[in-house]
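# Descriptive analysis of the structure
Chain by chain, the residues:
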Amino acid sequence: MKITFLGTGTSQGVPVIACKCGVCTSPDEHDKRLRSSVMIEISGKVIVIDTGPDFRAQMLREDVTQLDAVLLTHAHKDHTGGLDDVRSFNFSQEKPMDVFARAEVQKAIHREFLYAFAADKYPGVPQIIQHTIKHKAFVAASIKIIPVEAEHYTMKVAGYRIACFAYLTDASYISPKEKQKLTGLDVLVLNALRVSPHYSHYNLEQALELIAELKPKQAFLTHISHLMGRYAEMKNKLPSNVQFAYDGLKIDICDNP
């Protein structure tokens, strides 16, 4: 399994528009973060989790020519705003895109991209087949996926486990029952917005506490804001098995789907 971090930033990305802080003006490429998304390549299939506003740029940067399925975590625009650009894969692969999400996320996608679901479609609109996920494991692109429910303030969000890898973003709480789905991991990707507390995201301390509880072999922090501090200054403050993810980072992990 190959994991590519397409984006590791929060809803505003980094740098933030009109901000002149030390992180937003940093020349370090590790401090330049597009909206959070990850690509998983396994068993000849390619899956992307979340298609934010930077989806097109991320696909071009990584020279992606195949996409078999999209998994959505929740309906916020920084995670869904680029969904229209799956039409490029519609054209090249000559088939609709399978998009997996919770029922309430599907409703939001239908509302925001109404033209894609019209009875009389305008030529060239994205072709999307929506698949409803619930609490049970499902199959996307022939790969078994285990959904993991978390809370983003009062909103339910979906994390995903594929074999020994799990991805969970925009979370501020996860129940003991759902935590059981995250044991025995080789790699956990978890959101950590900033150092100070936040009402709808884990901060750094909370994320590290959860990682210590779940005990993955390795963990990567994502959905990082400019308030976290500069990458070069913060990376050495983490436990040895935890790293800040950054855009373009690629890792190879377990290969059993």
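Just so it is clear, the model here is predicted, and its values are computed rather than measured.

## A few points about the sheet that holds strand β12 (residues 218-222)
- Spatial ordering of the open sheet is given by β7-β8-β9-β10-β11-β12-β13, a layout of seven strands whose pairing is mixed. The open sheet has two edge strands with one neighbour each: β7 (138-140) and β13 (242-244). Averaged over all adjacent pairs, the angle separating strand axes in this sheet is 30°, with direction ignored.
- As judged from the three bridges shared by strand β9 (residues 155-162) and strand β10 (residues 165-168), these two strands associate in the antiparallel manner. What sits directly across from Ile162, in β10, is Phe165.
- Against the sheet, helix α6 (residues 204-214) contacts β11 (187-191), β12 and β13, and its axis sits at roughly 155° relative to β11.

## Here's the deal with the state of the cysteines
- For the coordinates displayed, the defined rule picks out zero disulfides.
- Cys19 carries a free sulfur, and the closest cysteine sulfur to it, the one in Cys21, is 3.5 Å from it.
- We classify Cys19 as buried; its relative accessible area is 18%.

## Focus: the layout of surface pockets
- Here the largest pocket defines a volume of roughly 290 Å³.
- Lining the largest pocket are 20 residues; nearest its centre among them are Thr10, Ser11, His198, Ser200 and His201.
- Among the residues forming the lining of the largest pocket, the class breakdown is six nonpolar, eleven polar and three charged.
- Considered as a void within the structure, the second largest pocket measures approximately 200 Å³ in volume.
- Looking at the second largest pocket, the residues that line it are Phe55, Arg56, Met59, Leu60, Asp63, Val64, Thr65, Asp85, Ser88, Phe89 and Ser92.
- Of all the secondary-structure elements, those providing two or more residues to the lining of the second largest pocket are α1 (55-61) and α3 (87-93).
- Element by element, the count of residues in the lining of the second largest pocket is highest for α1, at four residues.
- Residues that form the lining of the second largest pocket fall into these classes: five nonpolar, three polar and three charged.

## Considerations on the pattern of salt bridges
- Enumeration over the complete set of coordinates arrives at 14 salt bridges.
- Residue Asp84 is joined to Arg87 by a salt bridge in which the shortest nitrogen-to-oxygen separation is 2.6 Å.
- The class of Arg87 is partly exposed, set by a relative accessible area of 30%.
- One network of salt bridges, in which partners are shared, links Arg102, Glu104, Glu149, Glu151 and Lys156.

## Regarding the side chain of Asp50
- Mapped onto the elements, Asp50 comes out in the loop between β3 (45-49) and α1.
- Despite its burial, Asp50 pairs with no opposite charge; the closest candidate is Arg35, at 12 Å N-O.
- A polar atom in the side chain of Asp50 sits 2.6 Å from the side chain of His79.

## As for the sheet that holds strand β2 (residues 37-42)
- Taken in spatial order, the seven strands of this open sheet run β6-β5-β4-β3-β2-β1-β14, and their pairing is mixed. In this open sheet, the two strands that pair with only one neighbour each are β6 (128-132) and β14 (250-252). Within this sheet the neighbouring strands show an average axis-to-axis angle of 20°, counted without direction.
- Sheet topology note: the strand β1 (residues 2-7)/β2 ladder contains five bridges and is antiparallel. Bridge assignment links Lys2 to a residue of β2, and that residue is Glu41.
- The strands touched by helix α4 (residues 103-112) within the sheet are β5 (97-101) and β6, with β6 carrying the most contacts at an inclination of about 155°.

## What about the environment of Lys181?
- With respect to the element layout, Lys181 can be found in the loop between α5 (176-179) and β11.
- Once residues lying within four places of it in the same chain are set aside, the contact partners of Lys181 are His135, Ile146, Pro147, Val148 and Arg161.
- A polar side-chain atom of Lys181 sits 2.9 Å from the main-chain carbonyl oxygen of Pro147.
- Within the structure, the side chain of Lys181 is placed 3.0 Å from the side chain of Glu178, a separation counted as a polar contact.

Rules used in this analysis
- Residues numbered from 1 in each chain as written.
- Predicted model: local features only at pLDDT ≥ 70, side-chain atom pairs only at ≥ 80, totals over all residues.
- Heavy atoms only, no water.
- Pairing = 2+ DSSP bridges.
- Helix = DSSP H or I, 4+ residues; strand = E, 2+ residues; numbered from the N terminus.
- Axes fitted to C-alpha atoms, helices over the stretch in contact; angles between N-to-C directions.
- Contact = heavy atoms within 4.5 Å.
- Disulfide = S-S within 2.5 Å.
- Buried < 20%, exposed > 50% of the residue type's maximum accessible area, 1.4 Å probe, protein only.
- 1 Å grid on protein atoms, 1.4 Å probe; cavity = no way out; pocket = protein on both sides within 12 Å on 5 of 7 lines; lining within 4 Å.
- Points joined across faces, edges and corners; volume = space filled by probe spheres on them.
- Nonpolar A, V, L, I, M, F, W, Y, C, P; charged D, E, K, R; others polar.
- Salt bridge = Lys/Arg side-chain N within 4 Å of Asp/Glu carboxyl O.
- Lys, Arg positive; Asp, Glu negative; His and termini not counted.
- Polar contact = N/O pair within 3.5 Å; in protein donor to acceptor, adjacent residues only side chain to side chain.

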